[in-house]
Amino acid sequence: MIRFCRSLAWIGAALAFSVAAAQAQGAYPDRPVKIIVPIGPGGSYDLVGRHFADALSKRAGQSFFVENKPGAGTVVGTQAAAQSEPDGYTLLVGGLSNMAFNSALYSKLGYDPLRDFVPVALVYRFGYVMVGRKDMPQAKLQDIVAAAKANPGSISVATAGVGTGQHLVAAAFMKAAGVKLLEVPYKGSPPAFTDLLAGRIDLFFDSVAAGLPYVQSGQAKGIAVLSSRRTPLAPDVPTMSEAGVPGLDVDSWLGIFAPARTPPEVIARLRRDIRASLPDLKERFEKSGGEAWDLPDDKLEAFVASEHQSWTKLIQEAGIKLD
């Protein structure tokens, strides 16, 4: 009888432990969750981080907050996230820069984007647009390509700094079109646009949100968008394929990433809450020049790996390095 009671007591304790463990797992998050944005305030990374910090806070009943951690492009913040505890309480906004570009741009990188992170969700994407100075004699993309082929380096293109998205999109265009443009580096987009509008630079590639206002105001020409379909913000601007350079469909994307080995149940909870938040963010993302995106969970890792591989190849072939 005593043994039987002891057995019952042991079973009861085990059950109580199992219930407590299950409750603990189901309680995530039970304290504030940090979302590292690896750039300073402003821009698309920050936009995604802050929108989802707000949306997830409301759904989880717990605080999600942004910590801007800029440095070396996106390297410092991303490395800090990679080295954090894989418990779901430190997340990262990841995109082309820190998940696809940096591995090829830096000889020694303190993180491996494919090994050290798991994509929780890809939530936002936006296209690029090629804009030209308003008095540029070539009005169409085919004319620009023909002039560049006839006289390599005669047409200039601004870049927003070595290794930036604007720089690499320009490199992708030159490869796809088989042309050589005169690259003029700037420290960011604003000074590049200043010289484009003043007629000192011929071309610039930037996000649709950044470039189209100048096109819509008549200060610059909209040559083509680098996406598979036209943007509703400028339906008269053709795609690259329509304008004569097929196969150049470039979408920049952003999502939420977690350190590798984050518990699967935490990833599942985050995915449910993020997916449920997307409809509420659709209009906000469209106003910013992009769109809400919901890539299925079973395609996330393959997509990120594919983007990493294709951009690494392009960067290496172009010989672009940051160290």
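Residues numbered from 1 in each chain as written. Predicted model: local features only at pLDDT ≥ 70, side-chain atom pairs only at ≥ 80, totals over all residues. Heavy atoms only, no water.

### What about the overall build of the protein chain?
For the protein chain, the helix and strand inventory stands at eleven helices and ten strands. With the principal axes as the frame, the protein chain shows a C-alpha extent of 100 × 40 × 30 Å. Within the protein chain, the fraction of its 323 residues that count as buried is 50%. Put simply, the protein chain shows about 15,100 Å² of open surface, and 55% of that area lies on carbon and sulfur atoms. (Helix = DSSP H or I, 4+ residues; strand = E, 2+ residues; numbered from the N terminus. Buried < 20%, exposed > 50% of the residue type's maximum accessible area, 1.4 Å probe, protein only. Areas by Shrake-Rupley, 256 points an atom, 1.4 Å probe, with all protein chains shown as cover.)

### Focus: the pattern of salt bridges
In total, this model carries 22 salt bridges according to the counting rule given. Close ionic contact of Asp202 with Arg133 constitutes a salt bridge, the shortest N to O distance being 2.6 Å. Residue Asp202 is located in the loop between α7 (189–197) and β7 (203–207), and its partner Arg133 is located in strand β4 (residues 117–133); the two are separated by 69 residues in the primary sequence. Residue Asp202 is classed as buried on the basis of its relative accessible area, which comes to 10%. The salt bridge partner of Glu317 is Lys175, with a shortest N-O separation of 2.7 Å. (Salt bridge = Lys/Arg side-chain N within 4 Å of Asp/Glu carboxyl O.)

### Remarks on the packing of helix α6 (residues 165–177) against helix α11 (residues 300–318)
Orientation of α6 relative to α11, taken along the N-to-C sense of each, is 80 degrees, at an axis distance of 10 Å. With respect to α11, the axis of α6 lies roughly perpendicular. Together, Leu168, Ala171, Ala172 and Lys175 of α6 and Trp311, Lys313, Leu314, Ile315 and Glu317 of α11 make up the contact between the two elements. Looking at the contact of α6 with α11 residue by residue, the class counts come to six nonpolar, no polar and three charged. (Axes fitted to C-alpha atoms, helices over the stretch in contact; angles between N-to-C directions. Parallel < 35°, antiparallel > 145°, perpendicular 65-115°, else oblique. Contact = heavy atoms within 4.5 Å. Nonpolar A, V, L, I, M, F, W, Y, C, P; charged D, E, K, R; others polar.)

### Quick look at the environment of Gln142
By the secondary structure assignment, Gln142 is in helix α5 (residues 141–150). Note: C-alpha distance between Gln142 and Ser241 (99 residues apart in sequence) is 11 Å. Gln142 has contacts with Ala243 and Gly244, leaving out every residue within four places of it along the chain.

### Some remarks on the packing of helix α4 (residues 96–105) against α11
One can describe the packing of α4 onto α11 by two numbers: an axis separation of 8 Å at closest approach and a directional angle of 40 degrees. Comparing the axis directions of α4 and α11 gives the class oblique. For the pair α4 and α11, the crossing hand works out as right-handed. Between α4, through Leu96, Met99, Ala100, Phe101, Ser103, Ala104 and Leu105, and α11, the contact on the second element is made entirely by Glu307, His308, Trp311, Thr312, Ile315 and Gln316. Residue classes in the contact of α4 with α11 are distributed as eight nonpolar, four polar and one charged. (Left-handed = near helix turned anticlockwise from the far one by under 90°.)

### So, the pairing of strand β9 (residues 251–259)
The buried count for β9 comes to eight of nine residues, which makes it a mostly enclosed element. Summarising the sheet, strand β3 (residues 90–95) and β9 pair through four bridges and their orientation is antiparallel. The residue of β9 that forms the bridge with Gly95 is Leu254. In terms of strand pairing, β4 meets β9 through nine bridges, oriented antiparallel. From the neighbouring strand, Arg125 faces β9, where its bridge partner is Trp253. (Pairing = 2+ DSSP bridges.)

### Describing the packing of aromatic side chains
Remark: the centre distance and the inter-plane angle together describe each pair of aromatic rings, the angle taken between the planes. Tallied over the entire structure, the rule returns twelve aromatic pairs. When the centroid spacing of 5.7 Å and the interplanar angle of 70 degrees are considered together, the rings of Trp253 and Phe303 count as edge-to-face. Of this pair, Trp253 sits in strand β9 while Phe303 sits in helix α11, and the two are 50 residues apart along the sequence. A residue is classified by how much of its surface remains accessible, and Phe303, at 24% relative accessible area, is partly exposed. An aromatic cluster is defined as three or more aromatic residues linked by ring pairs; in this entry it consists of Phe52, Tyr124, Phe126, Tyr128 and Phe285. (Phe/Tyr/Trp six-rings, centres within 6.5 Å; stacked < 30°, edge-to-face > 60°.)

### A look at the environment of Asp143
Relative to the helices and strands, Asp143 is located in helix α5. By relative accessible area, Asp143 is classed as partly exposed at 39%. Separated by 100 residues in sequence, Asp143 and Ala243 place their C-alpha atoms 10.0 Å apart.

### Side note on the environment of Thr74
Structurally, Thr74 can be placed in the loop between β2 (64–68) and α3 (75–82). When the C-alpha positions of Thr74 and Ile39 are compared, they lie 6.0 Å apart, and in sequence the two are 35 residues distant. Here the side chain of Thr74 touches Asn102 through a polar contact of 3.0 Å, side chain to side chain. (Polar contact = N/O pair within 3.5 Å; in protein donor to acceptor, adjacent residues only side chain to side chain.)

### Some words on unusual backbone geometry
With an omega of -5 degrees, the peptide bond between Tyr28 and Pro29 qualifies as cis. Tracing the backbone through its elements, the reader meets Pro29 in the loop between α1 (2–26) and β1 (33–37). Within the chain, Arg261 stands out as a residue other than glycine whose phi angle is a positive 75 degrees. Assignment of secondary structure puts Arg261 in the loop between β9 and α10 (264–287). Owing to a relative accessible area of 71%, Arg261 belongs among the exposed residues under this scheme.

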